[in-house]
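Structural characterization, general
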Amino acid sequence: MKITLENLAVNFDCNKNDFSPEFINFFHSLDMNYENLSKEERDKTLLEILNKLDSDKQKIGAPERTNVWYNGWKENLDSFMANKNIDDIVPKFIRPNKVVRYNGDFIKPSNPYFERDFAKLIQIYCYDNFVKKYCTDNVYEFGCGSSFNLMAMIEMDSDKEKHFYGSDFVETSVVLCSNLGKFYNLNLEGFLFNMIEPDKTIKIKENSTVFTFGAIEQLNSKFYNFIEYLIDNKPKICFHIEPTVENYDNNDLFDNLQIKFHKKRGYTQGLLPHLKKLDEEGIIKIVKNKRLNFGSKFMEGYHLYAWEII
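These figures come from a predicted structure and were not determined experimentally.

What follows deals with the packing of helix α8 (residues 224–233) against helix α10 (residues 271–280). At a closest axis distance of 11 Å, the pairing of α8 and α10 adopts a crossing angle of 40 degrees. Considered as vectors, α8 and α10 are oriented oblique to each other. Remark: the crossing between α8 and α10 carries right-handed chirality. The segment α8 lies against α10, with Y224, I227 and I231 engaging L271, H274, L275 and L278. Class assignment of the residues belonging to the contact of α8 with α10 gives a composition of six nonpolar, one polar and no charged.

Moving on to the pairing of strand β7 (residues 208–213). Of all six residues in β7, six are buried, a share of seventy percent or more. With four bridges joining them, strand β4 (residues 138–142) and β7 adopt parallel strand pairing. Of the residues in β7, the one forming a bridge with V139 is T209. The sheet contact formed by β7 and strand β8 (residues 237–242) spans five bridges and is parallel. Looking across to β8, one finds that T209 is bridged to I237. Taking the sense of rotation as the criterion, the β-α-β connection linking β7, α8 and β8 turns out right-handed.

With that out of the way, let us pick up the sheet that holds strand β2 (residues 100–102). The sheet built from four strands is open, its strands ordered β1-β3-β2-β10 with antiparallel pairing. Where the open sheet ends on each side, the last strands, each with one partner, are β1 (34–36) and β10 (294–295). With three bridges joining them, β2 and strand β3 (residues 105–109) adopt antiparallel strand pairing. By the bridge assignment for β3, Y102 is matched with D105.

Glancing now at the environment of I216. Inspection of the secondary structure assignment puts I216 in the loop between β7 and α8. Judged by its relative accessible area of 1%, I216 falls in the buried class. Between the alpha carbons of I216 and P235 there is a distance of 17 Å; along the sequence they are 19 residues apart. Setting aside anything within four residues of it in sequence, one finds I216 in contact with M195, F223, F226, H240, E242, T268 and L271.

Right, let's talk about the sheet that holds strand β11 (residues 303–309) for a bit. Strand pairing within a sheet occurs via backbone hydrogen bonds; the two strands may be parallel or antiparallel. Spatially, seven strands are ordered β6-β5-β4-β7-β8-β11-β9 in an open sheet, and the strand pairing comes out mixed. Strands at the two margins of the open sheet, each flanked by one partner only, are β6 (188–192) and β9 (284–291). Each strand axis lies, on average, 15 degrees off the axis of its neighbour in the sheet, ignoring direction.

Take the packing of helix α2 (residues 21–28) against helix α5 (residues 114–132) next. As a packed pair, α2 and α5 sit with axes 9 Å apart at the nearest point and diverge in direction by 170 degrees. Our classification of the angle between α2 and α5 gives roughly antiparallel. When α2 is examined against α5, the residues E22, F23, F26 and F27 are found in contact with a partner set consisting of D117, K120, L121, I124, Y125 and D128. Classifying every residue of the contact of α2 with α5 by side-chain character gives six nonpolar, no polar and four charged.

This paragraph deals with the nonpolar core. Of all hydrophobic cores here, the largest spans 53 residues; its most connected members are L8, F23, I122, M153 and F239. With 25 residues, the next largest nonpolar core counts Y140, F142, F191 and V210 among its residues.

Turning to α10, its buried residues are L271, L272, H274, L275 and L278. Buried residues along α10 cover an arc of 160 degrees about the axis, so they all sit on one side. Among the structural elements, α8, β8, β9 and β11 are those in contact with the buried residues of α10. Where α10 terminates, the next one or two residues include G282, which has phi positive at roughly 80 degrees.

A separate point is unusual backbone geometry. At K84, a residue that is not glycine, the phi angle is positive and equals roughly 55 degrees. Inspection of the secondary structure assignment puts K84 in the loop between α4 (64–83) and β2. Take K84: its relative accessible area is 32%, and that puts it in the partly exposed class. Phi is positive for N220, close to 55 degrees, though the residue is something other than glycine. For N220, a relative accessible area of 31% gives the class partly exposed.

This brings us to the pattern of salt bridges. One pass over the structure, following the stated rule, counts 13 salt bridges. For the salt bridge of R291 with E300, the shortest nitrogen-to-oxygen distance reads 2.8 Å. The buried category is assigned to E300, whose relative accessible area is 0%. Here the salt bridges share partners, and the residues they tie into one network are E35, E41 and K108.

How each quantity is defined
- Residues numbered from 1 in each chain as written.
- Predicted model: local features only at pLDDT ≥ 70, side-chain atom pairs only at ≥ 80, totals over all residues.
- Heavy atoms only, no water.
- Axes fitted to C-alpha atoms, helices over the stretch in contact; angles between N-to-C directions.
- Helix = DSSP H or I, 4+ residues; strand = E, 2+ residues; numbered from the N terminus.
- Parallel < 35°, antiparallel > 145°, perpendicular 65-115°, else oblique.
- Left-handed = near helix turned anticlockwise from the far one by under 90°.
- Contact = heavy atoms within 4.5 Å.
- Nonpolar A, V, L, I, M, F, W, Y, C, P; charged D, E, K, R; others polar.
- Buried < 20%, exposed > 50% of the residue type's maximum accessible area, 1.4 Å probe, protein only.
- Pairing = 2+ DSSP bridges.
- Right-handed = clockwise from strand over helix to strand, strands pointing away.
- Core = buried A, V, L, I, M, F, W, Y, C linked by side-chain atoms within 4.5 Å.
- Arc of directions from axis to C-beta.
- Salt bridge = Lys/Arg side-chain N within 4 Å of Asp/Glu carboxyl O.

Given below as structure tokens:
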């Protein structure tokens, strides 16, 4: 079995001719072959998920998670400062994995770095549609972590005139972001920012794209102040790649297990319904809303929605 451009067009809810040359060239450089799981392999995977649901103790938003994130991004920071290798900024939670979720089932890609490479396709698509298409001068990532997403987008900035900003609530992430900018001589800098309690004195520049990529998920549903902050600052376009429990079907076993995983850990709920409400009230306009039908073994972390302020 092989994932084709036609398959990806369905995932992204577009026509394959809508993909940019950069997207298509990167796609053709990848091994997109996979196998379906045997009954025994699928049963084993389901059992692993059930056991994880029983044993998992991680709680999103718990006080101890601050130190976890501080130390996690410190590991990326220390590795990069020691080796000056861009591969050292790949987040540790993107692991080589034999089993991923795709189109409502589990598959076994032949490429061990399939999740990382699929994430790169998402990055290219988002750059094309929400940075390049909107002709923005500035790009902000809130919850930038290791700057993995920002560095990918900087690579796509052919004119090198855009300015990129990465924020996070832990200092090690911000230091890594700024050091990447200095080392590679980029228009990139980091700043501290708490999305739960936004500092309203920090202003987003005019003509900006703002995005999150698996960051609002960590707010334990305390995102309302952040969305209000964005609306007040009027970026040109906002987009989010976030796990979205509201997109699942509770009556489907495949989805039911990720609903349970999402809720047990305390990942954010309610973001998409809140944006839909703001859309209905005429405050924003949702321009993209798509479950990408892709994720890791335990849940789909990749749902895409984008919105403009009216």
